[in-house]
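Here are the chains, one letter per residue:
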Amino acid sequence: MSIDAADEEIVDAELVEDGELVHAASAARPLVDAHTVLMPGEEVPTSGDPRTTYTERDLYVSEETAQVLKEAEREGSPQRRTAMRLFETWCAEQGRVAKPCTTATSTEYGRHLMAKGLKVTTIRHYMSLIRTSMPPGEKPDNSLFLLLLRQYRKKNKRALRRKEAFPLTLL
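All values reported here derive from a predicted model rather than from experimental measurement.

Procedures and definitions
- Residues numbered from 1 in each chain as written.
- Predicted model: local features only at pLDDT ≥ 70, side-chain atom pairs only at ≥ 80, totals over all residues.
- Heavy atoms only, no water.
- Helix = DSSP H or I, 4+ residues; strand = E, 2+ residues; numbered from the N terminus.
- Buried < 20%, exposed > 50% of the residue type's maximum accessible area, 1.4 Å probe, protein only.
- Contact = heavy atoms within 4.5 Å.
- Phe/Tyr/Trp six-rings, centres within 6.5 Å; stacked < 30°, edge-to-face > 60°.
- Axes fitted to C-alpha atoms, helices over the stretch in contact; angles between N-to-C directions.
- Parallel < 35°, antiparallel > 145°, perpendicular 65-115°, else oblique.
- Left-handed = near helix turned anticlockwise from the far one by under 90°.
- Nonpolar A, V, L, I, M, F, W, Y, C, P; charged D, E, K, R; others polar.

Visitor: Explain the overall build of the protein residue by residue, including any values.
Guide: Counting secondary structure elements, the protein contains seven helices and zero strands. Mapped from its N terminus to its C terminus, the protein presents α and β elements in the order α-α-α-α-α-α-α. Split into buried and exposed, the 171 residues of the protein put 18% on the buried side. Counted over contacts in the protein with a minimum sequence separation of 6, partners at least 24 positions apart contribute 47%.

See below:
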């Protein structure tokens, strides 16, 4: 076994007599990411398609493309930068990864904003800025957060209050 044992493929094999051939199937690799949720007793999902094999060329962008992407990320709106700064600070305090965040971290942060008593529109805006700041393909699922937000809207009077641009006055 080498130092890079995690990168080696494990193959189940069977000893056979001379002249006999037996097909050895390679062990399927797990397909899990930050958003995989398994219930007790469920098996880890794996790929059954050995034809899909990516090379380094499929995973990297050029230096020029990388530079343009970095510049575009730095030029985000002031609101997005503020929302991400607050989120990153909260994540650091909670011992969580901010970028890319998991669905659980996103949901917990949404609940944190609700605990502060913010308006629904404010919470939804912050969470949208944070979600769209995540790398492509790594955005958290917001269905649990939206479920909490619906409950929050029903139970929180401040969440229901709307500031009128022109308050009505009786003459």
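Visitor: Quick rundown of the packing of aromatic side chains? Include the residues and the values.
Guide: Tallying each qualifying case throughout the model produces three aromatic pairs. Ring geometry for Phe87 versus Trp90: centroids 6.5 Å apart, planes at 20 degrees, classification stacked. Here Phe87 and its partner Trp90 are both found in helix H3 (residues 78-94), three residues apart, which amounts to about one turn of the helix. Neither Phe87 nor Trp90 differs from the other in exposure class; each is buried. When the ring of Phe87 is compared with that of Tyr109, the centres are 4.9 Å apart and the planes differ by 75 degrees; the resulting orientation is edge-to-face. A residue pair is termed long-range when its members are at least 10 positions apart, and Phe87 in helix H3 and Tyr109 in helix H4 (residues 103-115) qualify at 22 residues. Phe87 sits in the buried class, given a relative accessible area of 0%. Among the aromatic residues, those joined into a ring-pair cluster are Phe87, Trp90 and Tyr109.

Visitor: Residues and numbers for the packing of helix H5 (residues 120-132) against helix H6 (residues 143-155), please.
Guide: As a packed pair, H5 and H6 sit with axes 11 Å apart at the nearest point and diverge in direction by 165 degrees. Regarding the angle of H5 to H6, the classification is roughly antiparallel. Once H5 is placed against H6, the crossing between them reads as right-handed. Seen from H5, the contacting residues are Val120, Ile123, Arg124 and Met127; seen from H6, they are Phe145, Leu146, Leu149, Tyr152 and Arg153. Classifying every residue of the contact of H5 with H6 gives seven nonpolar, no polar and two charged.

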